[in-house]
Every structure is written in C-alpha cells, then in structure tokens.
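Survey of secondary and tertiary structure
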Amino acid sequence: MKHVAKLAAAAALGALMGSTALAEGLYTPNLAYRTGPFAATGIPLMNGQADYMAMLNARDGGIGGVPVDFEECETGYSTEKGVECYEKTKGKAIVTQPWSTGITLQVLPKTNVDEIPILAPGYGFSPMADGKVFQWAFNAPLSYWDGASIILKFLQDQGDLSGKKVAFLHLDHPFGKEPLPYLETKAEALGFELLPIPVGLKEMQNQSAQWLQIRRERPDYVIMWGWGAMNAGAITEAVKTKFPMENMLGVWWSGHDADLDIVGEEGKGYKSVSWSFPNPDAPVMADVKQHVIEAGKSQASAEELDGVFYSRGLVISAILAEGIHVAQEHFDKAEISPSDLRWGLENLDMSEARLEELGLTGMVPPFSTSCSNHAGHSGGWILEWDGAKFVKASDLIMPDSEAISELEVSRAMEYAEANAPWPVNEDCEM
C-alpha cells in the first residue's frame, strides 16, 4: 500500500507541475569506474546505483514525474579522467558524483564556481561535512573520520587500547590517507601506538614487504583502509602469514564479499565497518527485481544481488533520489536546478519511518542533514565474515561526534584559508 501511495503522490506532483513533468530528464551523471585496478569493487556499486534509478524510471516514471538520466562517464578511477568527466558533464548536470577521493579533491573548488553539488556518500574529504565552509559538497551518511571513530570504539569495547599497537595498512592515495588526522589525534588521547603502513598503487597485489613489517612489528590490530585489488592482496597475505583475522578490521570499502570469497573459511573473523547492509527481503529489492532484473535491464550478476556493495549502490542512489524529491516538494517544481538540489541534500530526513516508506528498512541507519551538517554522521555496524558471508557483529555504533566536529571545523577553516578567497556561509547555524 505504501508503494501505491507513493505512486499516487508522484502522479499528483507531476499533474501539479503541468508540462514540467515532460522535461528532458534529471541529469545525474555518475563518474564511474568499471575498468582499471578498482573495477572489481566498482562494478557492483555502479550496478546497484544504476538499477535503483532504472527502477524509479520503470516504476514511477522517474522522480516527481521526471525521468532520471543516470549517464555514466568512465574514469577508471583516474583523477585526470575524472576531472575530464566532470568538465564534460557539468553543463547540464544537477549533481556530480566523483567517487575517487582524488577526483573529489580536484573538483571541490570548481563546484563553488559552477554551483553544482558534489554527492560523495561515505567518501571524499572528511571536512566536507562542515556545510558552512563546503556549501556544495555532501558526504552523507557519514565521513571517513566517522568510520575511524566507529572502528576505535569497537576496539575499545574489546579492551583498553592504552599501550597497544595498531597498524594502519592503507592505500598510498588521498583515500588511504584521509583518516590519519583523526587516528593520530586519538592515538595520543587513548595512548596507543599508531603504525602507518602505506601500500603503493603498484604494490596492491604483492604486499610481501608490508606484511613482513607487520610480522616484525606484531601489532595487536590491523586497520585496513584498502580498495579494489589491495583488499584481496591484503586478506590473502594475512591468511598466509597466519595473522589472527579477528584482529583485522577494514573500512567499508574493504568489506567486499568477493575479496573474502577468495580465502573462504580461512578469512573467518575478519571485520569491516559498514553504513549499509543487504536485506534481500526489503521491498526495494522486490521492486528492483521486478522492474529491472527480470526485465533484463541490469548489468548485475546473480551473485552480486545479495552482496554488500550492490546493496550499498542502491542506498547511494536512494540518497540522491531523496534529495531530488525533497527539493521538488520544497520548490514546488519537478525540473529542479543544481542549487535546488543543494537545498534538498541539506534537508534530508532519512528517519526510520521514511526508510520504511522507501522500502529500505535495515539497509542504512537513519540520518539527517542540515545547512551546517552535510554528513549526517549516521553511525555504522561492524560486519564479520563468517566464512561464507558478512553478518552483523555489533549493534549500531555512533561516532565520537564531539571530537570529530572540532576536527572538521578546524580543518575546514584551514582549507578555506589556504584556498582564499573561499566563500563561507556565516548564516549557517551549527
């Protein structure tokens, strides 16, 4: 009945808008990476994103009666190609979805001039959460600093971290370095030794040097900030060196089912923080299967559908679609502008009730955004590999908002001063 009500609401909105419901479409380009060293993780994410928008087009005629044009521009995760894609698509786009943190950092200053919102769910530059400084950037439902905080909170629940050694195995790339400011602050505050171990782009599949260092240093825990081929390489090495898998935890991009399938039972105990979780019984999954999968409109394999990353792709597009919906209702028009969408994205209220209406129950924690809070700081779950699949190993854990907020504000202002003149929205209340 809720889907019927939603269809009726969409039709009513389209009728209210009159001819605007016949517009060309809502152009929401995705700077995809189905090729390159990170393709194995990119493909299920891109498939989930595309399938959600295809479902809305097939089921509802789009959003508010306007079809969604979800064109992909292939970057191969290359920063140079990503910037080219941004420039190519920005003319008619109402949003840009850069994916790579490196690409995000490059287009971040451009969006102030072009006035196009960046949507980077759970990635990008963590201080983007400060909406006063980064008026056009959104990393909802949470930032990398939130993720690092959740991991440390989970480890603290296992015992005092004082005097412990924590290795930080990370991709030697802007993405991999992103949580370091927060981790360094907390290492001093909590009294543990932080041991950064970078993995170069050419070392991802052969990490023998890094794991030799881990064997030598004998850390109590390994936090992995990996992506693509690095994940499989690290997990394989961990098994080979007999590192206790229950003491290895990854960021949400290091919790890909296919990477653990390689080691199967030997990977049992490995954990990953996550702000999304697959729910095969969720109503949205039934709608995607009916309108997209069974209609032959999806590129996803059968194996992907129950996976963490395909599910996360669905959630990412649901966040964008909700931002569009909120903007349409507020501005009383179906054909929205980039600035309209910016308002929509900073007025999200993804409550439990709204998630249920969208058919996303259990797939993402509730969160809301505001003018000053562009991340939402939703919290996340710890997932654990049981030898065959990821299962929840914790209740929802909320990040250390006070410490993160202080760091966000200081680092955001540092960025603004280093890139002066940089516009700051002083009317935005904290």
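The model shown is predicted, which means the values in this text are computed figures rather than measured ones.

Helix length check: helix α2 (residues 39-60) (22 residues) gives 31 Å between terminal C-alpha atoms against 32 Å at 1.5 Å per residue, within 8%. Remark: G61 follows α2 within two positions and exhibits a positive phi of approximately 75 degrees.

With that out of the way, let us pick up the packing of aromatic side chains. All chains considered together, the criterion is met by 21 aromatic pairs. Ring centres of W211 and F243 lie 6.1 Å apart, and the angle between their planes is 70 degrees; this geometry places the pair in the edge-to-face category. You can see W211 sitting in helix α8 (residues 208-217) and its partner F243 sitting in the loop between α9 (229-240) and β8 (248-250), a full 32 residues away along the chain. We note that W211, like F243, is buried. It is R312 that lies over the ring of W275; its NZ or CZ is 5.4 Å from the centre. Residue placement shows K392 over the ring face of W381; its charged tip is 3.8 Å from the ring centre.

On to the state of the cysteines, then. Using the criterion set out here, one finds two disulfides in the structure. Each disulfide pairs two cysteine sulfurs, and for C73 the partner residue is C85, the sulfurs being separated by 2.0 Å. Measuring the twist about the S-S bond at about -80 degrees, one finds the C73-C85 disulfide to be left-handed. Within this pair, whereas C73 is found in the loop between β2 (68-69) and α3 (79-89), its partner C85 is found in helix α3, the two being separated by twelve residues in sequence. Its relative accessible area of 4% is what places C85 among the buried residues. Looking at the chain, its bonded cysteines, counted consecutively from the start of the sequence, adopt the pairing 1-2, 3-4.

Further remarks concern the sheet that holds β8. By way of backbone hydrogen bonds, the strands of a sheet pair with one another, either parallel or antiparallel. If you walk across this open sheet you meet the seven strands as β6-β5-β7-β8-β9-β12-β13, and the pairing is mixed. Across the chains shown, the open sheet's two edge strands, defined by having one partner strand only, are β6 (193-199) and β13 (390-392). Averaged over all pairs of adjacent strands, the angle between their axes in this sheet comes to 25 degrees, without regard to strand direction. Sheet topology note: the strand β5 (residues 165-171)/strand β7 (residues 221-225) ladder contains five bridges and is parallel. By the bridge assignment for β7, A167 is matched with V222. Sheet strands in contact with helix α5 (residues 144-158) are β7, β8, β9 (271-274) and β12 (381-385), and its direction is about 165 degrees off that of β7. Along the sheet face, α9 touches β5, β6, β7 and β8 and points at about 160 degrees away from the line of β7.

Thresholds, definitions, all that
Residues numbered from 1 in each chain as written. Predicted model: local features only at pLDDT ≥ 70, side-chain atom pairs only at ≥ 80, totals over all residues. Heavy atoms only, no water. Helix = DSSP H or I, 4+ residues; strand = E, 2+ residues; numbered from the N terminus. Expected span 1.5 Å × (residues − 1). Phe/Tyr/Trp six-rings, centres within 6.5 Å; stacked < 30°, edge-to-face > 60°. Buried < 20%, exposed > 50% of the residue type's maximum accessible area, 1.4 Å probe, protein only. Lys NZ or Arg CZ within 6 Å of the ring centre and 35° of its normal. Disulfide = S-S within 2.5 Å. Pairing = 2+ DSSP bridges. Axes fitted to C-alpha atoms, helices over the stretch in contact; angles between N-to-C directions. Contact = heavy atoms within 4.5 Å.

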